[in-house]
Amino acid sequence: MFVLSKLEADVRVAPKDLAKPPLAAVTEVLEADYLDKVIPDLGLAVTIYDVISIGGGHIYPNDGAAYFRVVFRLVVFRPFAGEVLVGKILSSTNRSPSSRASPQPRETPAPLSLHRVCALAGLDPSFFDPSEGVWKWKYEGNDMYMDLQEPVRFRVGGVKFNPLPPPPHAQAAAAKTANEAAIGSAARPFSPMEIVGDMCGDGLGLTTWWEAAGEEEEAAEEQERGDAVMVDGEAG
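Remember, it's a predicted structure, so these values are computed and weren't measured experimentally. Per chain, residues are indexed from 1 in the order of the written sequence. Residues qualify for local features only when their pLDDT is at least 70, as the model is predicted, and side-chain atom pairs are given and counted only at 80 or more; totals for whole chains, interfaces and linings, by contrast, use all residues. Derived side-chain values reflect all non-hydrogen atoms in the structure, with water molecules and hydrogen atoms excluded from consideration.

1. Brief notes about the overall build of the protein chain
Going along the chain from the N terminus, every DSSP run of H or I of four or more residues is numbered as a helix, and every run of E of two or more is numbered as a strand. When helices and strands are tallied, the protein chain shows 3 helices and 13 strands. Any residue under 20% of the maximum accessible area for its type is buried, any over 50% is exposed, and the rest in between are partly exposed; the area is computed with a 1.4 Å probe on protein chains only. Buried residues in the protein chain amount to 32% of all 236 residues. In the protein chain, 66% of the contacts between residues at least 6 apart in sequence involve partners at least 24 apart. The Shrake-Rupley method, run with a 1.4 Å probe, gives the accessible areas here. Residue values count only the displayed protein chains as cover. Accessible surface for the protein chain amounts to roughly 14100 Å². Of this, 55% is attributable to carbon and sulfur atoms. When checking whether two residues touch, look at their non-hydrogen atoms; a contact exists if any pair is within 4.5 Å.

Below you can see the structure in the form of structure tokens.
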């Protein structure tokens, strides 16, 4: 889920921060530039692990800032194929048996979930209920609804990084011609990083499904133990 990556970057420290120790000044810039942002082909930056080296410190005319060549390590969120995550269903459409969910990795700040969108392949057989606006899974004759805002457990199939969309003014004409909303709007939200997964398997899907099943199994086991004690008592 979390990967430690080594990066190298040119860091500009503003004149007002030159009185600070170089490590503190550089770390502040790195945190502002990287944390809670998706790095293409790498993942979502979670925290600066450490700064390995700081070189340079050059000041150029008519600028006043100092430029450092910094080597550092960054903790990024990038789940691997086959990993099981817990997310929350954010929206559903009738175009395909899929939902959009936001993964919620443990020990990460809540705002990070805004940058991750996961397309979840629905369970089979699944059907879209237009009256409820959600998908439902047919299981042993029962309708198992995939309600919005419900926590789900899913298996990661892969990670996809999307290029930045064109500027709003550049894509407005194209979107109008195609009669569709512009990328980045509420109708077509942009996600720089997508996690593609599925809910087809034991223990996957809404967590409440399996919690209920576990409670029923525990109740059945307690009943069996009670029956066994009663039989032994009668036999004695």
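2. Here's the deal with the nonpolar core
Core analysis: the biggest nonpolar cluster contains 22 residues, and Phe77, Met146, Phe154 and Trp209 have the highest contact counts within it. Elements with a contribution of two residues or more to this core: β3 (43-59), β4 (66-77), β5 (84-92), β9 (134-139), β11 (151-161) and β12 (193-198). Here this core gets 4 residues from one element, more than from any other, and that element is β11. Segment limits for the domains were obtained from an automatic or database-derived domain assignment. When we break this core down by domain, the ones giving at least three residues each are domain 1 (2-77) and domain 2 (83-220). Buried residues of nine kinds, namely Ala, Val, Leu, Ile, Met, Phe, Trp, Tyr and Cys, make up a nonpolar core once their side-chain atoms join them within 4.5 Å. Judged by nonpolar contacts, the second largest core, of 18 residues, contains Val29, Ile39, Ala45 and Leu74.

3. A look at the sheet that holds strand β10 (residues 142-145)
By definition, two strands form a pair when at least two bridges between them are found by DSSP. Taken together, 3 strands build an open sheet; the order of strands is β8-β9-β10 and the sheet is antiparallel. Every other strand in the sheet has two partners, leaving β8 (126-129) and β10 as the edge strands with one partner each. Between one strand axis and the next, the sheet turns by 35° as a mean value, whatever way the strands run. Relative to β9, β8 runs antiparallel, the two being bridged by 4 bridges. Paired with Phe128 across the two strands is Trp135, which belongs to β9. To obtain each axis, a line is fitted to C-alpha atoms, and for helices this fit is confined to the stretch in contact; angles are then taken between N-to-C directions over 0 to 180 degrees.

4. A word on helix α1 (residues 22-34)
Expected span of a helix: the number of residues minus one, times 1.5 Å. The end-to-end C-alpha distance of α1 is 18 Å, a good match for the 18 Å that 13 residues give at a rise of 1.5 Å each. The secondary structure elements touched by the buried residues of α1 are β1 (2-13), β2 (38-39), β3 and β4. Asp36 lies just past α1 and shows a positive phi near 65°.

5. Considerations on the packing of aromatic side chains
The description of an aromatic ring pair rests on the distance of the ring centres and on the angle between the ring planes. Any two of the Phe, Tyr and Trp rings considered here, Trp counted by its six-membered ring, make a pair once their centres fall within 6.5 Å; the pair's planes then place it as stacked at under 30 degrees, edge-to-face at over 60, or tilted in between. Within this structure, the stated rule accounts for 6 aromatic pairs. Judged by centre distance (5.2 Å) and plane angle (40°), the rings of Trp137 and Trp209 are tilted. Of this pair, Trp137 sits in strand β9 while Trp209 sits in helix α3 (residues 207-235); the two residues are 72 residues apart in sequence, bridging distant segments of the chain. Exposure class is identical for Trp137 and Trp209. Each is buried. Linked through ring pairs, Trp137, Tyr139 and Trp209 together constitute an aromatic cluster.

6. Section: the pattern of salt bridges
Oppositely charged side chains are able to pair whenever their charged atoms sit close together. When a carboxyl oxygen of Asp or Glu lies within 4 Å of a side-chain nitrogen of Lys or Arg, that pair is called a salt bridge. Here the structure, examined in full by the defined rule, presents 10 salt bridges. Residues Lys16 and Asp17 are paired through a salt bridge, measuring 3.3 Å at the closest nitrogen-oxygen approach. The exposure class of Asp17 is buried, given its relative accessible area of 12%. We note a salt bridge from Arg155 to Asp198, for which the minimum N-O separation is 2.9 Å. Of the two residues, Arg155 is situated in strand β11 and Asp198 in strand β12; the sequence distance between them amounts to 43 residues. For Asp198, a relative accessible area of 19% puts it in the buried group. Three or more residues joined by partner-sharing salt bridges are found here, namely Lys16, Asp17, Lys20 and Glu28.

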